[in-house]
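Listed below are the residues making up each chain.
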Amino acid sequence: MSTNAAAAERLSTIATLLEILGEDKFRVFAHQKAARAVEAMTQDLTTLAQSKWGGAELLKIDGIGPKTADKLIEFVTTGTMTELEELKAKVPAGLLEVLAIPGMGPKTVALVWKDLGVVDLAGLKAAIADGRLLTLPRMGEKAVGKIKMAIEMLAQSAGRLRLGIAMPIAQRVAAQMHNAKGAGVKRAAFAGSLRRGKETIGDIDILVVAADAQKAAEAFCTMPGVRQVIAKGENKCSVRMSIDLDESRWSGDPEMAGSETKAAVADAVKRPTVQVDLRVIPASSWGAALMYFTGSKEHNIKLRERAQKMGLTLNEYGLFPDDKAADKPPQQRGVKAVASATEESIFTALGLAFVPPELREDRGETELKATPRLIEVADITSELHAHTTASDGSMSIVELAEHMKSRGMHTIAVTDHSQSSAIAGGLKPKALREHIAAIAQAQKAVKGITLLAGSEVDILASGELDYQDDLLAELDIVVASPHSGLSQDSETATKRLLKAIAHPLVHILGHPTGRLINRRRGLEPDMAAVIAAAKEHDVALEINAHWMRLDLRDTHVKAAVEAGCLIAINCDVHAKEDADNLLYGVTTARRGWLTPEQCINTWTAAKLHGWLKKKRQ
DNA sequence: GCCGTTTTCGGCCCGACTGTTTTCAGTCG
């Protein structure tokens, strides 16, 4: 784990422990905010904190004050935080897993701990089994039953759903709500972290405008696949829904696969349910609700703070004048909203440029003077990372070319694996030379798309490339990627990647960390150094669009974009349907604030081919 | 614990749902 992530995790744990101890909730909130700030930092904390002005630099970050800065410097210097150690001595470690149970908040956790001596999950289960939990105030049969159910559900859950699994489910649910009989649904859309395009999703939020809210709720709770109705109110319902693996797009990428793909598929099958929330919204509040439920929470807080400074109050029904009447929310007292029907109108009323959903993470988006022209799927006109039957793909060269042409690409790079990736059928030098000839031959058969002869060359553990330079020089394009030795320490990994980037024949650094979301952490290089080197050597950093990878990740993309680095968005095509993953790659790019010009896949054929040839002269 | 275009002290985002209550605390998003 990177130092930043480790420090953020510790601050977050401090917040949680303070919460259990019943400390001031604003202190808790401050620690949570600081943790998020550290998590979002693009500079390396170690480098920053140890520099002469490190402390002052830390204080410039919103949410980090003198106390937190001290804790961070202490952590970087000594590897520990005294405050955390002291808190850990007071609170049993097992209570953290108890707090993770939905329905068990800090107050209840403190209660079972103090009154029943529960110190971990096993203790809680025992207290449920022998009826002691029922003896607590505000604990009835129903409350205990819910906790029991939540424990069972948690045991089945394998964590957050990957974007590529959640998206098709959400699209299907939204479509089903549109067609709900008798409910008169006028609008239906998904919101939440899915709309923001996060790489993993905790639950799915569906919003509808319906003539008959009750019928809409009824239709929602009785959809195929609903396993349990968690809550069913007038405006809000929550269900747990089975995940049907057939809904998610999966391609057999044997490189990930061998055991990895099978494990990932098994993982998705094992995770049986996902929580889906429905909100029924008045048509006039559509924009406010969409905004509110899209989040993120941090972004919403920023907007509400801003509204408050302007004498306004913002909730899921609209932006209202703040008349300080505390008895009831404004929409229940007939107060007329300043703005509510569209997101655009609310941003405008707040004096802000419209913020695309992918940017709503409180990473500076409310400072924007104008809405940036972010990259879109339609901007992409080339695919620069694809495999054929020569290694581990399922299409021939001609099939691949025809398919990518039908997807509107002017260029397709054929980049089969190199010799060290034996499991993926990597090509020996002789086979690669024959493949180069075969690609030239295929070009004669296919018109209207340029075929490039390339390779996805392994970056060996040492940082050396998997072919000799004379062979690499024969290729139109070289994508250099790490495939093995992915548990190297950070320093070794950094050296390895820097060496590959500095190689004069390399165009693109493919899936730079080699991570697999929810499965493999991958390399954790000093990303600032990698980005600086890529910029210096005119190497594009790849966003691998497969939803298992999304590598670079969003925060790395943002740092690379800020540094002026070139970015490639590639589907790493092995099979036809892999081209559909482009949406996820572009979404990740948008989360990193990428504009079209900085992405080589949007360039005209002339510009792209010219750039590639520069490294062949 | 952090922060300042009313503030260096006194605030700090907002509403729905649930289960237990007899008016609300706790949790969630």
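Refer to the structure presented above.
The rules we used
- Residues numbered from 1 in each chain as written.
- Chains lettered and ligands numbered in written order.
- Predicted model: local features only at pLDDT ≥ 70, side-chain atom pairs only at ≥ 80, totals over all residues.
- Heavy atoms only, no water.
- Pairing = 2+ DSSP bridges.
- Helix = DSSP H or I, 4+ residues; strand = E, 2+ residues; numbered from the N terminus.
- Contact = heavy atoms within 4.5 Å.
- Axes fitted to C-alpha atoms, helices over the stretch in contact; angles between N-to-C directions.
- Buried < 20%, exposed > 50% of the residue type's maximum accessible area, 1.4 Å probe, protein only.
- Arc of directions from axis to C-beta.
- Salt bridge = Lys/Arg side-chain N within 4 Å of Asp/Glu carboxyl O.
- Near = heavy atom within 4 Å.
- Polar contact = N/O pair within 3.5 Å; in protein donor to acceptor, adjacent residues only side chain to side chain.
- Nonpolar A, V, L, I, M, F, W, Y, C, P; charged D, E, K, R; others polar.
- Core = buried A, V, L, I, M, F, W, Y, C linked by side-chain atoms within 4.5 Å.

Here's the deal with the sheet that holds strand β13 (residues 477–481)
Here's step 1: Taken in spatial order, the seven strands make up an open sheet running β10-β11-β12-β13-β14-β15-β16, and their pairing is parallel. With one partner strand each, in any of the chains shown, β10 (382–386) and β16 (567–570) form the two edges of the open sheet.
Here's step 2: Contacts from helix α25 (residues 582–591) reach β15 (540–544) and β16 within the one sheet, and its direction differs from that of β16 by about 155°.

Brief notes about helix α6 (residues 82–90)
Here's step 1: All buried positions along α6 are accounted for by E83, L84 and L87. Down the axis of α6, the buried set is contained in an arc of 95°. They therefore lie on one face.
Here's step 2: Turning to α6, the residues buried within the fold contact α1 (3–20), α2 (25–40) and α5 (66–78).

Focus on the pattern of salt bridges
Here's step 1: Counted by the stated rule, this structure contains 29 salt bridges.
Here's step 2: Its salt-bridge partner being R36, residue E298 comes within 3.2 Å of it at the nearest N-O pair. With E298 in helix α17 (residues 297–309) and R36 in helix α2, the pair connects residues that are 262 residues apart, well separated along the chain.
Here's step 3: For E298, a relative accessible area of 18% translates into the label buried.

With respect to the protein's contact with DNA strand B
Here's step 1: With respect to spatial proximity, 47 residues lie near DNA strand B, and among them T108, R138, G140, Y292 and R304 are the closest.
Here's step 2: A share of 71% of the atoms of DNA strand B within 4 Å of the protein falls on sugar and phosphate groups.
Here's step 3: Within the contact set of DNA strand B, a phosphate oxygen lies 3.4 Å away from a backbone nitrogen or oxygen of E141.
Here's step 4: Secondary structure elements with two or more residues in the surface near DNA strand B: α2, α5, α8 (106–116), α10 (141–156), β5 (226–232), α17 and β8 (312–315).
Here's step 5: Grouping the amino acids of the surface near DNA strand B by side-chain chemistry returns 18 nonpolar, 13 polar and 16 charged.

Brief notes about the nonpolar core
Here's step 1: Grouped together as the largest cluster of nonpolar side chains are 63 residues, with contacts concentrated most on L541 and I569.
Here's step 2: With five residues, the top contributor of residues to this core is helix α23 (residues 527–537).
Here's step 3: Beyond its immediate stretch of four places on either side in the chain, I569 contacts I375, I380, I543, L582, G585, V586, A589, L594, C599 and N601.
Here's step 4: A15, L17, L48 and I147 belong to the second-largest nonpolar core, a separate cluster that totals 49 residues.

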